[in-house]
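# Results of the structural survey
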Amino acid sequence: MKAKSAQNSRTTITELMIPSYANFGGKIHGGILLSLMDKVAYATATKHSGAYCVTVSVDNVDFLQPVEVGELVSMMASVNYVGNSSMIIGIKVIAENVKSGLVKHTNTSYFTMVAKNEDGSLMTVPSLILNSKDDVRRFAEAVKRKQLRKGYQEQMEAEKSAFTFEKQKELISGQRCEVHI
C-alpha cells in the first residue's frame, strides 16, 4: 500500500449558517456544527484510506465562540496521524461574517476514524508522509494525545473500581447536590 501525504487528503467544507440551524438564543446549535465536522472528517479519512470510514471518537469539542446565523462556517480538515486502521483527523473551524469581514476561530477538534472493508472488518490504511514541520508537529501531538487519553482511561477505571460509597459521598461533599438515600 502506497503512503500518502496529508496534503493529498486535506478537505475544506464551507456552509452558510441559516436560521433553521439556530437555537432559541439565535446561535447555531452545537449539534449542527458537530454534524458538519463529522462530514469533513469522513471525507478526509475516506480520501486518505480509499475506503468507507466510521467515527470512533471525538476529542476536544470546546465551542470557543458562538456561530451566528448568516456566517459562513469553514471546516478545514487533515489527516494528522495514522495507525493500522485508524486515522486522527484534525479539524479547525472558523466562522466568517461576510458583511464585516470578521473571521473567528470557533473550534479545533480531533476525530478518530477507522477504515472498513466491504465486509465491515477493519482494513489497513496507507501510512502518512510528513512533508512539513507542521505535519510532524501534528503527528507528534496526536501520539501524545493518544498516550494521555490512554493514561486517563486507565486511571479512571482504577478510581472507579476503588470507589466505595463512603468515598463517593466524600468526593461530592460541598458540591451542588443533595443525597436523599
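Reference entry: report on the structure contained in this document. All figures in this text were calculated on a predicted structure; none of them were measured in a lab.

## Let's talk about the pairing of strand β6 (residues 103–116)
Here β6 lies mainly inside the structure; 10 of its 14 residues are buried. Two strands pair when backbone bridges link them, and strand β3 (residues 52–59) and β6 are joined in this way by seven bridges, in the antiparallel orientation. Its bridge partner lying in β6, Cys 53 is registered against Ala 115. Examined bridge by bridge, strand β5 (residues 86–96) and β6 share 11 bridges and lie antiparallel to one another. Within β6, the residue paired with Ile 94 across the bridge is His 105.

## What to know about a nonpolar patch on the surface
Side chains of Phe 163, Phe 165, Leu 171, Ile 172, Val 179 and Ile 181 sit close together on the surface and give an oily, nonpolar patch of about 600 Å² of accessible area. By the element assignment, Phe 163 lies in the loop between α3 (133–162) and α4 (165–172). The class of Phe 163 is partly exposed, set by a relative accessible area of 32%.

## Considerations on the sheet that holds strand β4 (residues 72–82)
The five strands are arranged β2-β4-β5-β6-β3 in an open sheet whose pairing can be described as antiparallel. Edge positions in the open sheet fall to β2 (11–16) and β3, since each of these has one partner strand only. Across the sheet, the mean angle separating the axes of adjacent strands is 30 degrees when strand polarity is ignored. Sitting on the sheet, helix α2 (residues 30–49) is in contact with β2, β3, β4, β5 and β6, with an inclination near 40 degrees to β4. Contacting β3, β4, β5 and β6, α3 runs over the sheet at an angle of about 80 degrees to β4.

## Some points on the pattern of salt bridges
Scanning the entire structure with this criterion turns up 10 salt bridges. Glu 141 is the partner of Arg 137 in a salt bridge, and the nearest nitrogen-oxygen pair spans 3.3 Å. Placement of both Arg 137 and Glu 141 in helix α3 is noted, with a separation of four residues, approximately one turn of the helix. Look at Glu 141 and you get partly exposed, because its relative accessible area is 34%. A salt bridge links Glu 166 to Lys 169, with the nearest nitrogen and oxygen atoms 3.9 Å apart. Placement of both Glu 166 and Lys 169 in helix α4 is noted, with a separation of three residues, approximately one turn of the helix. For Lys 169, a relative accessible area of 35% gives the class partly exposed. Each member of the salt-bridge network shares a partner with another, and the members are Arg 10, Asp 135 and Arg 138.

Cut-offs used in this document
Residues numbered from 1 in each chain as written. Predicted model: local features only at pLDDT ≥ 70, side-chain atom pairs only at ≥ 80, totals over all residues. Heavy atoms only, no water. Buried < 20%, exposed > 50% of the residue type's maximum accessible area, 1.4 Å probe, protein only. Helix = DSSP H or I, 4+ residues; strand = E, 2+ residues; numbered from the N terminus. Pairing = 2+ DSSP bridges. Patch = residues over 30% accessible without salt bridge, like charges linked within 9 Å, V, L, I, M, F, W, Y side chains within 5 Å. Areas by Shrake-Rupley, 256 points an atom, 1.4 Å probe, with all protein chains shown as cover. Salt bridge = Lys/Arg side-chain N within 4 Å of Asp/Glu carboxyl O. Axes fitted to C-alpha atoms, helices over the stretch in contact; angles between N-to-C directions. Contact = heavy atoms within 4.5 Å.

By themselves, these observations are geometric and do not establish any function.
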